[in-house]
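Tertiary structure, described
Residue strings, one per chain:
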Amino acid sequence: MKQFKDPEFRGQFIDKYRDMRNLWEVKNPLCHNKPARKASLEKILEFVKMQVPNADINFVEKKIGSLRSTYKKELNKVQASMRSGAAAKDVYVPSLWYYNRMRFLEDQIEGRESLSTLQSTLPSTPAEASEDQPGPSILEEVEEPSWSQEDLSHNEALECGRQEEAE
């Protein structure tokens, strides 16, 4: 789809997408309304068909997803460079030519919090450890096993015997 790669056309496509707020604005009342979303996608499709005659709604959705994904990668790089404590001159400058044109998505694209499917078995505080789990608390001292000289001599004798057998 070489026609879609034309910067002027792609810029116009982004502008059309920005105008269809129900496709990208999460708090828009029509965002989750399938018929309204489909109508907006069809309007964009009419525009796209001027350049790409055999395009369909699936093609438009893939192009929107691709633009959003690429923009998100650049946005992550910018945000990571700001978090790292870098000086203003060291903040990442996006190389994506349409980055500024897609800035309307900045507050709409957020990573979802991951949910663990594993239950935590570790206590979060030392108090919980002593209440919930039997055994010594984290704060209590645990007795170390003591070895007598006789035990040590017996173990040393076994080691010597093994070394002699190996030789």
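Sequence order sets the numbering: in each chain, residues are counted from 1 along the sequence as written. Residue-level local features of this predicted model are given only where pLDDT is at least 70; pairs of side-chain atoms are given and counted only at 80 or more, and the full residue set underlies all totals for whole chains, interfaces and linings. Water and hydrogen atoms were dropped before computing side-chain values, which therefore reflect all heavy atoms in the structure.

Looking at an unreviewed UniProt entry, one finds the chain named MADF domain-containing protein, with Aquarana catesbeiana as its source organism.

1. Side note on the overall build of the chain
To qualify as a helix, a DSSP run of H or I must reach at least 4 residues; to qualify as a strand, a run of E must reach at least 2; elements of each kind are numbered from the N terminus. For the chain, the helix and strand inventory stands at 5 helices and 0 strands. When the helices and strands of the chain are read in sequence order from the N terminus, they spell out α-α-α-α-α. Throughout, exposure labels follow a simple rule: accessible area from a 1.4 Å probe, protein chains only, divided by the maximum for the residue type, with under 20% read as buried, over 50% as exposed, and the rest as partly exposed. A buried classification covers 26% of the 167 residues belonging to the chain. What makes two residues a contact is simply this: any of their non-hydrogen atoms within 4.5 Å. Of the contacts made within the chain by residues no fewer than 6 positions apart, 51% connect residues no fewer than 24 positions apart.

2. A closer look at the packing of aromatic side chains
Pairing of aromatic side chains here covers Phe, Tyr and the six-membered ring of Trp, requires ring centres within 6.5 Å, and sorts the geometry by plane angle: under 30 degrees stacked, over 60 edge-to-face, intermediate tilted. Tallying each qualifying case throughout the model produces 5 aromatic pairs. Centroid distance Phe9 to Phe47: 5.0 Å. Interplanar angle 10°. Geometry classified as stacked. Taken together, the residues span a long stretch of sequence, with Phe9 in helix H1 (residues 7-19) and Phe47 in helix H2 (residues 34-49) at a distance of 38 residues. Looking at Phe9, the relative accessible area reads 4%, which means it is buried. For Phe47, a relative accessible area of 10% corresponds to the buried category.

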